[in-house]
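# Structural features, examined
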Amino acid sequence: MALVLSAELMADRDAASAATPLPIEAELVARTKRGDDAAFAELVELFQNRIFNFVLARVRHRQLAEDVTQEVLVKAYFSLNKLREPAKFKSWLFSIAHNHLRDLLRKRKLETTDVEECHTEHYVDPDTPEKELKRQQTREAVWNALVQLKPEQREILVLCDIEGLSYREIADIMRVPLGTVQSRIFYARRKLRVILSGEFSYMGEEL
Amino acid sequence: MNCAEVRTLLSALADGEIADDRLREKVQSHMDNCEACRQEYALQLDIKSKLSELEPEEASVFLATRVTAEIKQLRRRRSAWRWSYAYAGAAAVIALVVMLGGGLLVHPSAQGVYKSLPDVAPATVALPRSSNGDGYGSFTELVVGRHEEARELLKVREEWAPEFEQIVQRLGGEEDDESLYKELPKENTEDEEELAAEEE
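Every chain is numbered on its own, with residues counted from 1 as its sequence reads. To read the labels, note that chains go from A and ligands from 1, taken in the order they are written. Reporting of local features is limited, given that this is a predicted model, to residues whose pLDDT is at least 70; pairs of side-chain atoms are given and counted only at 80 or more, and all residues count toward the totals for whole chains, interfaces and linings. Processing note: side-chain calculations cover all non-hydrogen atoms of the structure and skip hydrogens and water entirely.

## Observations concerning the overall build of chain B
Numbered from the N terminus, helices here are DSSP runs of H or I no shorter than four residues, and strands are runs of E no shorter than two. Counting its regular elements, chain B contains eight helices and zero strands. Along chain B, from the amino end to the carboxyl end, the secondary structure elements read α-α-α-α-α-α-α-α. Considering chain B as a whole, with its 200 residues, one finds that 22% of them fall into the buried category. Any two residues whose heavy atoms approach within 4.5 Å are treated as being in contact. The contacts in chain B between residues at least 6 apart in sequence include a share of 38% that link residues at least 24 apart. Residue burial is assigned from relative accessible area. The probe radius is 1.4 Å, only protein chains are included, and a residue is buried under 20% of its type maximum, exposed over 50%, and partly exposed in between.

In structure tokens:
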């Protein structure tokens, strides 16, 4: 019988973070609410790429990801009065992105089974040392494998391993129980590993 | 603990999400004696680390500008809506005042002013006829009569104004059509809206 981690046993990262200083976005949110447009511009600067990557992993199309990111940021601006804790801006913003994507994709059914070209080809300097080259190849392979996962699996790995959100935050964003977060991450990583092994064996490398 | 129980906790272990020390120790001690679970745990850590090394994609440099521009545009549109409600309210109040005030201007007591005008002998002045064809007996009568006629016309105008506007529009035809009726003077409120649009 699989043991699902209950809420009581989970590390309370929120309690731990209460002792640490407020993140910079808390101050920026407070200033924006007072009418400081420059503060919101800074927030956009801080978060646009993070939301962009999150959306990109879901929709796998650069232009669409940019459009959706824009919509999410604008939506966030006009909903700021609904954010009660400025310190939680990050996960609140990801919440908006998650919900917006869900509504959009439900209406427009944009997700295809084909993988679009969304990863920019990084220029590889021929003089790059072997070690760095290998690292870049690994990153390419990881990205290519990531976009082949199912949407919920992609999303959860982006939130956990790329954005570093806690299980509780992810549960709030995706509106699923903690146990689901835990098992979804476990199986998503496993699946990614399987795809990666295939990628690497194609490239003639052992993982 | 058996392997099945431990496996599902391995992601949480890798992510530092197990707060209960005893539970964590149980998982660790199982792994000390289980190669398969050790390998599974190593896989979880490996993938986690590879993902964290991914270089994030960069959105276009113009995205931030587009976001700001859209916010400004939406803010303007929302305040324009508020202003147009204010204008509509003000226009309604003005219209009401005009309709009530217009009645006061041609109040019967104003006739007293005309009664005091000097009487001119009918023989020396050729008085025009009234609208119903009757002559005026005196200059005073003429002025009062004309005043009464003007008042009637004003009343008629108020009653017929909405229909009149409709007829003008129908005669005016489509936007691109040429028509004499296009030259008719517009209402004040439309000018105000045009000015407001130009100022933006």
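## Digging into the overall build of chain A
From N to C terminus, chain A includes nine helices and zero strands. Listing every helix and strand of chain A by position from the N terminus yields α-α-α-α-α-α-α-α-α. Scored against the burial criterion, the 207 residues of chain A give a buried share of 47%. Within chain A, contacts between residues separated by at least 24 positions form 65% of all contacts whose residues are at least 6 apart in sequence. Shrake-Rupley sampling with a 1.4 Å probe provides the accessible areas, and residues are treated as covered by the protein chains on show and by no other component. Total accessible area computed for chain A in this model is approximately 10700 Å², and 52% of it derives from carbon and sulfur atoms.

## Some remarks on the packing of aromatic side chains
Here is the rule: rings of Phe, Tyr and Trp (six-membered ring for Trp) pair when centre to centre is within 6.5 Å. Planes less than 30 degrees apart are stacked, more than 60 are edge-to-face, and the remainder are tilted. Enumeration over the complete set of coordinates arrives at six aromatic pairs over all chains. When the ring of phenylalanine 40 of chain A is compared with that of tyrosine 77 of chain A, the centres are 4.9 Å apart and the planes differ by 70 degrees; the resulting orientation is edge-to-face. Taken together, the residues phenylalanine 40 of chain A in helix H3 (residues 37–59) and tyrosine 77 of chain A in helix H4 (residues 62–79) connect sequence positions 37 residues apart. When the centroid spacing of 5.2 Å and the interplanar angle of 65 degrees are considered together, the rings of phenylalanine 47 of chain A and phenylalanine 89 of chain A count as edge-to-face. On the criterion of sequence distance, the pair formed by phenylalanine 47 of chain A in helix H3 and phenylalanine 89 of chain A in helix H5 (residues 89–108) is long-range, its members being 42 residues apart. When its relative accessible area of 2% is taken as the criterion, phenylalanine 89 of chain A is described as buried. Throughout this description, the term charge over a ring refers to an Arg CZ or Lys NZ atom that lies within 6 Å of the ring centre and within 35 degrees of the ring normal. The ring of phenylalanine 78 of chain A carries the charged tip of arginine 78 of chain B above its face, separated from the ring centre by 4.1 Å.

## Observations concerning the environment of leucine 63 of chain B
Mapped onto the elements of the fold, leucine 63 of chain B is located in helix H5 (residues 63–105). What makes leucine 63 of chain B buried here is its relative accessible area of 0%. Beyond its immediate sequence surroundings of up to four residues, leucine 63 of chain B is in contact with Gln48, Glu66, Thr69 and Gln70 of chain A.

## Some details on unusual backbone geometry
Residue and element names in this part refer to chain A. A positive phi angle is found at arginine 60, which is not glycine, with a value near 55 degrees. Take arginine 60: it is sitting in the loop between H3 and H4. A positive phi angle, near 55 degrees, is found at arginine 175, a position not held by glycine. Structurally, arginine 175 is set in the loop between helix H8 (167–174) and helix H9 (178–202).

## Points about the pattern of salt bridges
Salt bridge, as used here: a side-chain nitrogen of Lys or Arg that lies within 4 Å of a carboxyl oxygen of Asp or Glu. Counted under the stated rule, the structure contains 21 salt bridges over all chains. With a shortest N-O distance of 2.7 Å, arginine 50 of chain A and glutamate 163 of chain A are connected by a salt bridge. Of this pair, arginine 50 of chain A sits in helix H3 while glutamate 163 of chain A sits in the loop between helix H7 (151–162) and H8, placing them 113 residues apart in sequence. The partly exposed category is assigned to arginine 50 of chain A, whose relative accessible area is 27%. Here aspartate 21 of chain B ties to arginine 24 of chain B by a salt bridge, and the two come within 2.5 Å at their closest N and O atoms. With aspartate 21 of chain B and arginine 24 of chain B both in helix H3 (residues 21–32) and three residues apart, this pair spans about one turn of that helix. A relative accessible area of 44% means that aspartate 21 of chain B is categorised as partly exposed. Here the salt bridges do not stand alone but share partners, grouping Glu132, Arg135 and Arg139 of chain A together with Glu55 of chain B into one network.

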